[in-house]
Amino acid sequence: GKFEEQLRDDMLRNKLKETVASGVSVSQAEVKDLYERTATHAKLTYVRILDHELAAKIVVDEPAIDEFLATSADQVTQAYERDKARLYSKPRKIGVHRLVMQKDKGGIGDADLRAKMDEIHKQAVEGADFEALVRRWSEDPTAETGGAAGLLAENIMEPQLASAALAVGAGKISEVIDTERSLILLSVDQIVDAAVTPIDVVKRDIARTLIAQQRATAQGGEQAEALLAAWKETGAAPTDLIASYGLALDQAGPFSPTESFVPGLGVVPALVKAVAELGGKGVLDGVYPIEGGRIVAAVTSWSGADPDRFEQLAPMIRAQLLQQKQKEVLTDWQQDLIASARVERLMRD
């Protein structure tokens with residue numbers, strides 16, 4: 001009886017899903033749009049101009065740095081504060097050797113394991129060779145090297161271990177550290193204090209970098225405009241000019257001009273929009289931004305949607321699109337039911 005009831009409930013649920021899904025429809029316009037998006041492809045030939053590559057070649061003299069510091073000190077300060085944690089701050093570092101005994105291993109209870117670790121701790125505090133104790137007792141992969149864990153930044157150590165090491169200080173043995181899976185002893189070798197490089201020490205380097213970046217952006221823009229003009233004039237890639245800038249021609253595609261993503265270039269909506277508007281082969285009439293720079297490009301291959309082919313593939317596309325929409329509708333419907341559901345807890349004596 002319980003099986004029949006469960007089977008009946010499952011059948012009712014499936015019929016309800018079918019009823020919901022049956023209300024989904026797909027228009028001819030949707031079918032045609034999907035076909036055109038999947039059937040249309042383009043390929044590009046392009047020149048990519050990256051600011052960091054140009055900046056690396058720019059030489060900034062000392063007078064230029066002096067002038068920049070006098071007129072744009074606020075930019076230097078902003079750059080310093082932005083990159084302070086990443087470039088100019090060194091976290092406190094802790095060097096330790098460690099002895100680790102695993103819990104729930106070999107049939108030894110936690111109490112017996114703790115008693116053994118307390119005995120080892122006493123030996124270490126009284127002057128026993130810690131590395132010898134590690135090689136004898138530790139169950140950590142570092143046992144072969146005497147438990148050497150290296151000099152680690154505090155912010156990447158397990159907080160419990162870092163706190164224990166800092167509590168006793170360099171040259172001391174920590175208390176037994178009880179973690180979820182093991183008991184640990186630390187021999188603290190050294191503690192290197194955190195350090196911050198003052199802005200006065202690095203301000204000239206920051207100014208030099210900012211000047212090079214600004215010049216690179218301007219130079220990159222000028223090169224792109226020159227390449228675009230030469231390319232449009234002849235209809236062919238200006239290979240000599242490209243080579244004189246130390247740049248190279250690259251290719252991308254095929255890709256759909258209805259999507260923002262281009263292989264090798266990433267998400268470049270402005271570029272893809274220009275490709276779609278061109279609708280065929282030719283030089284794109286613009287310089288298009290990409291991450292870290294810009295590109296100049298031409299469409300070298302274009303395959304548009306074939307109307308005759310559409311009639312042949314339309315039924316299959318419709319079925320595919322209908323299945324996708326039904327799945328989306330069912331998912332939304334179920335999420336709405338869950339969101340509006342009320343759960344009650346009934347208490348009985």
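For the structure itself, consult the block above.
Enquirer: Describe the sheet that holds strand 4 (residues 148-153), and please don't skip the residues or the numbers.
Expert: Overall, antiparallel pairing links the 4 strands, which are arranged 4-3-6-5 in an open sheet. Taken across any chain shown, the strands that pair with only one partner, and hence form the sheet edges, are strand 4 and strand 5 (177-178). Looking at chain direction, strand 5 and strand 6 (residues 182-192) are connected through 2 bridges and run antiparallel. Across the sheet, Ile177 pairs through a bridge with Ile184, a residue of strand 6. Of the strands in this sheet, strand 3 (93-102), strand 5 and strand 6 are in contact with helix 8 (residues 159-168), which crosses strand 6 at around 55°.

Enquirer: Which residues make up the packing of aromatic side chains, and what are the values?
Expert: Applying the stated criterion across every chain yields a total of 1 aromatic pair. Plain terms: the ring middles of Tyr80 and Tyr88 are 5.2 Å apart, the flat faces sit at 20° to each other, and that makes the pair stacked. With a relative accessible area of 5%, Tyr80 lands in the buried category. Seen from the ring of Trp137, Arg136 lies directly overhead, with NZ or CZ sitting 3.9 Å from the centre.

Enquirer: Tell me about a nonpolar patch on the surface, and name the residues and values.
Expert: Residues Phe3, Leu7 and Met11 make up a contiguous nonpolar surface patch of roughly 330 Å² in combined accessible area. When its relative accessible area of 59% is taken as the criterion, Phe3 is described as exposed.

Enquirer: Describe the packing of helix 6 (residues 110-125) against helix 7 (residues 130-137), naming the residues involved and giving the relevant values.
Expert: Contact geometry for helix 6 and helix 7: axes closest at 10 Å, N-to-C directions at 160°. Relative to helix 7, the element helix 6 lies roughly antiparallel. In the crossing of helix 6 with helix 7, the sense of the turn from one axis to the other is right-handed. When helix 6 is examined against helix 7, the residues Lys116, Ile120, Gln123 and Ala124 are found in contact with a partner set consisting of Phe130, Leu133 and Trp137.

Cut-offs used in this document
- Residues numbered from 1 in each chain as written.
- Predicted model: local features only at pLDDT ≥ 70, side-chain atom pairs only at ≥ 80, totals over all residues.
- Heavy atoms only, no water.
- Pairing = 2+ DSSP bridges.
- Helix = DSSP H or I, 4+ residues; strand = E, 2+ residues; numbered from the N terminus.
- Contact = heavy atoms within 4.5 Å.
- Axes fitted to C-alpha atoms, helices over the stretch in contact; angles between N-to-C directions.
- Phe/Tyr/Trp six-rings, centres within 6.5 Å; stacked < 30°, edge-to-face > 60°.
- Buried < 20%, exposed > 50% of the residue type's maximum accessible area, 1.4 Å probe, protein only.
- Lys NZ or Arg CZ within 6 Å of the ring centre and 35° of its normal.
- Patch = residues over 30% accessible without salt bridge, like charges linked within 9 Å, V, L, I, M, F, W, Y side chains within 5 Å.
- Areas by Shrake-Rupley, 256 points an atom, 1.4 Å probe, with all protein chains shown as cover.
- Salt bridge = Lys/Arg side-chain N within 4 Å of Asp/Glu carboxyl O.
- Parallel < 35°, antiparallel > 145°, perpendicular 65-115°, else oblique.
- Left-handed = near helix turned anticlockwise from the far one by under 90°.

Distances and angles like these do not, on their own, reveal function.
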